[in-house]
Amino acid sequence: MSEQATAIIAGGCFWCTEAVFRDVIGVSNVESGYIGGQVDNPTYKQVCSGNTGHAEAIRVTFDPAVVSYGDILDIHFATHDPTQLNRQGNDVGTQYRSALFPLDDAQLAEAKEAIARDQAGRAAPVVTTIEGPATWYPAEDYHQEYWDGEGKRNPYCLAVIPPKLMKLRKSFAARVKG
């Protein structure tokens, strides 16, 4: 196995973003969690209150020889709405913000380029923030691989995740796992 890289991105409900990236070729792991807030080891209930400053986010482990950080960001922008400030659809609050958490200077430069690329194709302003450095906190176990289990029985997930997966398959067909 070649060397793995990590990307941390936020774009609304982590159940939804996790489901998208689990289907991307070159991605070996996706972990849901919290980042960017002021409380150590926050719980889901605390983050959902909107009072901790954390975003629901995912930590993507990937093979950069197969899928680049720039590709990860382009997929992210295509599968959520980066023009919605502190929300995604009916999920409202800073915990659902669109944000990138670059882990080094190269990722920071690529994050700025990805925002510019995405903005070039949109009339509405992209409000995605670049944040960090910040501490990553894994979400509780029951949030991990949520779509593959409980999520397929959750009406919210059934309404939100399939359209995201369709966008992924349509726009990035060559990048989707069989």
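Small disclaimer: the values here were computed from a predicted structure and weren't measured. (Residues numbered from 1 in each chain as written. Predicted model: local features only at pLDDT ≥ 70, side-chain atom pairs only at ≥ 80, totals over all residues. Heavy atoms only, no water.)

**Remarks on the environment of Val126**
Relative to the helices and strands, Val126 resides in the loop between helix 4 (105-120) and strand 7 (129-130). With 51 residues separating them along the chain, Val126 and Ile75 place their C-alpha atoms 15 Å apart. Residues within four places of Val126 in sequence aside, it is in contact with Phe77, Pro82, Thr83, Ile115, Asp118 and Gln119. (Helix = DSSP H or I, 4+ residues; strand = E, 2+ residues; numbered from the N terminus. Contact = heavy atoms within 4.5 Å.)

**Considering helix 5 (residues 155-171)**
Between its first and last C-alpha atoms helix 5 spans 25 Å; for 17 residues at 1.5 Å apiece the expected length is 24 Å, and the two agree. For helix 5, every residue scored as buried is listed here: Cys157, Ile161, Lys164, Leu165 and Leu168. At its buried positions, helix 5 is contacted by helix 1 (14-21) and helix 3 (69-78). Residue Asn154 occupies the N-cap position of helix 5, its side-chain oxygen lying 2.8 Å from the main-chain nitrogen of Tyr156. (Expected span 1.5 Å × (residues − 1). Buried < 20%, exposed > 50% of the residue type's maximum accessible area, 1.4 Å probe, protein only. Polar contact = N/O pair within 3.5 Å; in protein donor to acceptor, adjacent residues only side chain to side chain.)

**Here's the deal with the packing of helix 1 against helix 5**
Viewed as axis vectors pointing N to C, helix 1 and helix 5 meet at an angle of 35 degrees, and their least axial separation amounts to 9 Å. Judged by the twist between their axes, the crossing of helix 1 over helix 5 is right-handed. Together, Trp15, Cys16, Ala19 and Val20 of helix 1 and Tyr156, Cys157, Val160, Ile161, Lys164, Leu165 and Leu168 of helix 5 make up the contact between the two elements. When the residues that make up the contact of helix 1 with helix 5 are grouped by side-chain class, the tally is 10 nonpolar, no polar and 1 charged. (Axes fitted to C-alpha atoms, helices over the stretch in contact; angles between N-to-C directions. Left-handed = near helix turned anticlockwise from the far one by under 90°. Nonpolar A, V, L, I, M, F, W, Y, C, P; charged D, E, K, R; others polar.)

**A word on unusual backbone geometry**
Both trends apply: most residues other than glycine have a negative phi, and most peptide bonds are in trans. Residue Gly132 is joined to Pro133 through a cis peptide bond whose omega torsion reads 0 degrees. Structurally, Pro133 can be placed in the loop between strand 7 and strand 8 (136-138). Backbone geometry at Asn86 places phi at a positive 55 degrees, although glycine is not the residue there. Turning to its location among the elements, Asn86 is positioned in the loop between helix 3 and strand 4 (87-88). Among the residues examined, Asn86 registers a relative accessible area of 27% and is labelled partly exposed. The phi dihedral of Glu145 falls on the positive side, at around 50 degrees, and the residue is not glycine. The topology assignment puts Glu145 in the loop between strand 8 and helix 5. Given a relative accessible area of 45%, Glu145 falls into the partly exposed group.

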